[in-house]
Each structure stands twice: as C-alpha cells, then as structure tokens.
Amino acid sequence: MLRSLGVIFLVIFMVSCDKKTVKSDYSPTQNGRWNKDSVAKFSFQELDTLQKYNMFINLRNDGTYPYSNLFLIAELRFPSGDVVRDTLEYEMAKPDGQWLGTGYGSLKENKLWYKENVVFPSSGVYTLEISHAMRKNGQVDGIVELEGITDVGYLIEKSNQ
C-alpha cells in the first residue's frame, strides 16, 4: 500500500513539473497587508548566460483588495552592480469589478509580465526587489498598509525565442 502511494505521488510530481520554469519564489505579506516600506527581496543565480528568459511578478490577492489596478516599483540588480528600476502598473480587475487572475474563491493569483526575452549576461547573484507604489488620487503620500495582497513573488521562464 505504501509503495503504491509513493508511485502515485512520483507520477503526480513528474506530470506537474513545468519545463519552462527556471526560478520561482513567493514572500508572504504581513496578515494580507503590504506595508509601503516592506520590500519583497529575491536573489537568484546559476542562469544560462546565453539563454533568453521571460520574467514575471506573481501576486496573490484576496477579495479585500480595494483597487482595480496596482502600481509597483521593481529593481533588478546585476552582479556587476548595475541596477534597472521600473515603475509598473497592472490591471487587477475588469471594469465590472471581476478579478483578473486565476484561482477559485476569493484568492486570485496574478502572473504579471515584467521583462520579456531578457538575457542575464554574467554569472553571479541577481537580486529583484519589489515594492508597491500605491496612493490615493490627489495625494502625495503613499498608502501605508495596502490591504488584500497576500503574497508577492517572481517567476523566470525560458523564452521560446
């Protein structure tokens, strides 16, 4: 019986493996609230310096997220010390309020494009830092506690090109 269960789990694991995914990680927020000073930081290395990759920012949100869009600041640090900083805007809901993303129930997972066909030209440690840049219309100060974002992550896939 135990042997049969082991074989079943092995088959499920092998079938569920995604051959395109190279690196992936998530960081949870504090009780489903993302503080403006809380930076999700991810380090990765050992990437093929000739391969092209697609990068995504992954977010999980629940039904308490009060906005239809999301502004992020992403910083990608190269082993050489160079930094690429991007301000990004993503749609999180349709105009009728229906959440975008995948998942059942109130939790949705969003795979958001970050970089397409990027090459990591040198070996070493790369660091990706992601923070939110949300603010209410007409206000200069950012939202201190962004409610409804439960996890922040990244995904690197091999490009088809």
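Predicted, not measured: the structure shown is a model, and the values here were computed from it.

Things to note about the overall build of the chain
Move 1: Assigned secondary structure in the chain consists of one helix and ten strands.
Move 2: Put simply, the chain runs from its N terminus to its C terminus through helices and strands in the order α-β-β-β-β-β-β-β-β-β-β.
Move 3: Residues classed as buried in the chain amount to 36% of the 161 residues present.
Move 4: Counting contacts in the chain only where the partners sit at least 6 residues apart, residues at least 24 apart contribute 78% of the total.
Move 5: As displayed, the chain offers around 10000 Å² of accessible surface, 51% of which is attributable to carbon and sulfur atoms.

Details of the pairing of strand S3 (residues 40-44)
Each regular strand carries side chains that alternate between the two faces of the sheet.
Move 1: The alternating pattern of S3 places Ala40, Phe42 and Phe44 on a buried face and Lys41 and Ser43 on a face that is not buried.
Move 2: One ladder, built from five bridges, connects S3 with strand S8 (residues 126-132); its direction is antiparallel. Bridge assignment links Phe44 to a residue of S8, and that residue is Tyr126.

Description of the confidence of the model for the chain
Move 1: Summing up the model confidence of the chain, the mean pLDDT is 89 and the portion of residues at 70 or higher is 89%.
Move 2: Within the model, the stretch residues 9-15 combines pLDDT values under 50 with zero contacts to residues more than four positions away or in other chains.

A short note on the pattern of salt bridges
Move 1: Counted according to the given criterion, the structure contains ten salt bridges.
Move 2: Between Arg33 and Glu147 there is a salt bridge whose closest N-O contact spans 3.6 Å. One end of the pair, Arg33, is in strand S2 (residues 33-35); the other, Glu147, is in strand S9 (residues 145-147), with 114 residues separating them in the sequence.
Move 3: Here Lys111 makes a salt bridge to Glu157, at a shortest N to O gap of 2.8 Å. Taken together, the positions of Lys111 in strand S7 (residues 108-119) and Glu157 in strand S10 (residues 149-158) put the pair 46 residues apart, joining distant regions of the chain.
Move 4: Residue Lys111 is classed as partly exposed on the basis of its relative accessible area of 46%.
Move 5: Classification of Glu157 by relative accessible area gives buried; the value is 7%.

Description of the packing of aromatic side chains
Move 1: All told, the structure shown has ten aromatic pairs when counted by the stated rule.
Move 2: Both rings, one in Phe44 and one in Tyr154, keep their centres 5.4 Å apart while their planes meet at 25 degrees; by these two values the pair is stacked. With Phe44 in strand S3 and Tyr154 in strand S10, this pair connects stretches of sequence that are 110 residues apart. For the pair Phe44 and Tyr154, a shared accessibility class is recorded, and that class is buried.
Move 3: Centre to centre, the rings of Tyr53 and Phe120 are 5.7 Å apart; their planes meet at 50 degrees, and the pair counts as tilted. In this pair, Tyr53 is assigned in strand S4 (residues 52-61) and Phe120 in the loop between S7 and S8, connecting sequence segments 67 residues apart. Like Phe120, Tyr53 is buried.

Here we look at unusual backbone geometry
Working note: non-glycine residues mostly have negative phi, and peptide bonds are mostly trans.
Move 1: One non-glycine residue, Glu46, lies in positive phi territory at about 60 degrees.
Move 2: The topology assignment puts Glu46 in the loop between S3 and S4.

Thoughts on the nonpolar core
Move 1: Among the nonpolar cores identified, the biggest contains 34 residues, and Phe44 and Phe120 are the most heavily contacted of them.
Move 2: Looking at this core, the elements with two or more residues in it are S3, S4, strand S5 (69-77), strand S6 (83-91), S7, S8 and S10.
Move 3: Not counting residues up to four positions away in its chain, the partners in contact with Phe44 are Lys23, Met55, Leu76, Phe120, Gly124, Val125, Tyr126, Leu128, Tyr154 and Ile156.

Structural notes on the environment of Phe120
Move 1: The exposure class of Phe120 is buried, given its relative accessible area of 0%.
Move 2: Not counting residues up to four positions away in its chain, the partners in contact with Phe120 are Phe44, Leu47, Asp48, Thr49, Tyr53, Met55, Leu76, Tyr126 and Ile156.

Definitions and cut-offs
Residues numbered from 1 in each chain as written. Predicted model: local features only at pLDDT ≥ 70, side-chain atom pairs only at ≥ 80, totals over all residues. Heavy atoms only, no water. Helix = DSSP H or I, 4+ residues; strand = E, 2+ residues; numbered from the N terminus. Buried < 20%, exposed > 50% of the residue type's maximum accessible area, 1.4 Å probe, protein only. Contact = heavy atoms within 4.5 Å. Areas by Shrake-Rupley, 256 points an atom, 1.4 Å probe, with all protein chains shown as cover. Pairing = 2+ DSSP bridges. pLDDT = per-residue confidence, 0-100. Salt bridge = Lys/Arg side-chain N within 4 Å of Asp/Glu carboxyl O. Phe/Tyr/Trp six-rings, centres within 6.5 Å; stacked < 30°, edge-to-face > 60°. Core = buried A, V, L, I, M, F, W, Y, C linked by side-chain atoms within 4.5 Å.

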